[in-house]
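Read off the chains here:
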Amino acid sequence: MKWEKKDIISIKEFSRSEIEFVLQKSAIMEKIMHKSATSSLLSGRIMASLFFEPSTRTRLSFNSAMYRLGGNVIGFAQSTGTSVEKGETILDTAKMAEGYSDLIVIRNPLEGSVRFVSEHVKVPVINAGDGANQHPTQTLLDLYTMQKEFGGIDGLRICLLGDLKYGRAIHSLAEALKQFNVELKLISPPELRMPSRITQDLVELGVDVNETSKLDLSDCDVIYATRIQKERFPDPQEYESVKDAFILNKEILPQLKENAIILHPLPRINEIQPEIDETKYARYFEQARNGIPVRMALLCLLLNKKFW
Ligand code: NCD
């Protein structure tokens, strides 16, 4: 795969060996960071960060990654205060950022919008989440976390839990796991099941998929919990009826496997109670921190800066 000037729009465009390449380079980047948290690998380069939707981890970790590499960041965390308020389109906004930067990171609520932009600008574009569709860099850091914990991804029994209908982190992760030899348990309220096009693909590719609304986690190595995506529900009443569907608290701990881990892309609302945070199963804060080496590696790859 040619990384220089590549766009990262959907995890579906990554082969297994490309995913493994990123994970391997992220591990190298993490080693480099242990020696020194900052470097000058991307000194003089500028990243434009265009966030049209709320974000804490994705936006700040991209910024931090760029700063740790000696680069600079321009952009906005919300469209208020920009010409979008005057009616400027996302494409015109991105075309401006193209002239002001070397790489663009975009989050937008409209599915497909980031791909559309990437087709019209020459600098690399990274999708930091487009509606309920894709969140490829989240998936890479999720896989990186699993690999670090278990030494590999093949053979894992992974449970995806919560809002499997609207969660883009979940959709991307499921699409990536198709390429690995895993067993998947999909636990959600019946109204929030994984879109059938994704489950069908998984089954066709030979992934063992078990869909249920029963909270049985006893056979899972990885429990990937998610937030019910309130902002994507057309009907607020529907949200009210499912918002407390699955809550991980101390009562579920006795059923977990000895070395199971709990992941979550965060932010969490109530689906993981804080009492879980100090248990040996919780890995969601480490997972979020892993976003730094993974995004540092991706920035270097796309800006053609070799670090290995
Ligand atoms: C997720 C997102 O924005 O899709 N958060 C993240 O990027 N870490 C998950 C969510 O909002 O629930």
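Chemist: Run through a nonpolar patch on the surface, naming residues and quoting values.
Modeler: A contiguous nonpolar patch, built from Ile74, Met96 and Tyr100 and spanning about 290 Å² of accessible area, is present on the exposed surface. As for its placement among the helices and strands, Ile74 is situated in strand β2 (residues 72–76). Overall, the relative accessible area of 34% leaves Ile74 in the partly exposed class.

Chemist: Kindly report on the site of the ligand, identifying the contributing residues and their values.
Modeler: In the neighbourhood of the ligand, the contacting residues comprise Thr58, Arg107, His135, Gln138, Arg168, Arg227, Gln229, Pro265, Leu266 and Pro267. Between the ligand and Gln138 there is a distance of 3.1 Å, counted from a nitrogen atom to a side-chain nitrogen or oxygen. Pro265 places a polar main-chain atom, nitrogen or oxygen, 2.9 Å from a nitrogen atom of the ligand. When isolated, the ligand has an accessible area of 310 Å², and the protein chains bury 94% of it. Split into classes, the residues belonging to the shell around the ligand amount to three nonpolar, four polar and three charged.

Chemist: Describe the packing of aromatic side chains, naming the residues involved and giving the relevant values.
Modeler: Scanning all chains against the criterion turns up eight aromatic pairs. Judged by centre distance (5.6 Å) and plane angle (75°), the ring pair of Phe233 and Tyr239 falls under edge-to-face. For Phe233, a relative accessible area of 8% gives the class buried. Through successive ring pairs, a cluster of aromatic residues spans Trp3, Phe14, Phe21, Phe307 and Trp308. The lysine or arginine in question, Lys6, covers the ring of Phe14, its NZ or CZ lying 5.4 Å from the ring centre.

What counts and how
- Residues numbered from 1 in each chain as written.
- Predicted model: local features only at pLDDT ≥ 70, side-chain atom pairs only at ≥ 80, totals over all residues.
- Heavy atoms only, no water.
- Patch = residues over 30% accessible without salt bridge, like charges linked within 9 Å, V, L, I, M, F, W, Y side chains within 5 Å.
- Areas by Shrake-Rupley, 256 points an atom, 1.4 Å probe, with all protein chains shown as cover.
- Salt bridge = Lys/Arg side-chain N within 4 Å of Asp/Glu carboxyl O.
- Helix = DSSP H or I, 4+ residues; strand = E, 2+ residues; numbered from the N terminus.
- Buried < 20%, exposed > 50% of the residue type's maximum accessible area, 1.4 Å probe, protein only.
- Near = heavy atom within 4 Å.
- Polar contact = N/O pair within 3.5 Å; in protein donor to acceptor, adjacent residues only side chain to side chain.
- Nonpolar A, V, L, I, M, F, W, Y, C, P; charged D, E, K, R; others polar.
- Phe/Tyr/Trp six-rings, centres within 6.5 Å; stacked < 30°, edge-to-face > 60°.
- Lys NZ or Arg CZ within 6 Å of the ring centre and 35° of its normal.

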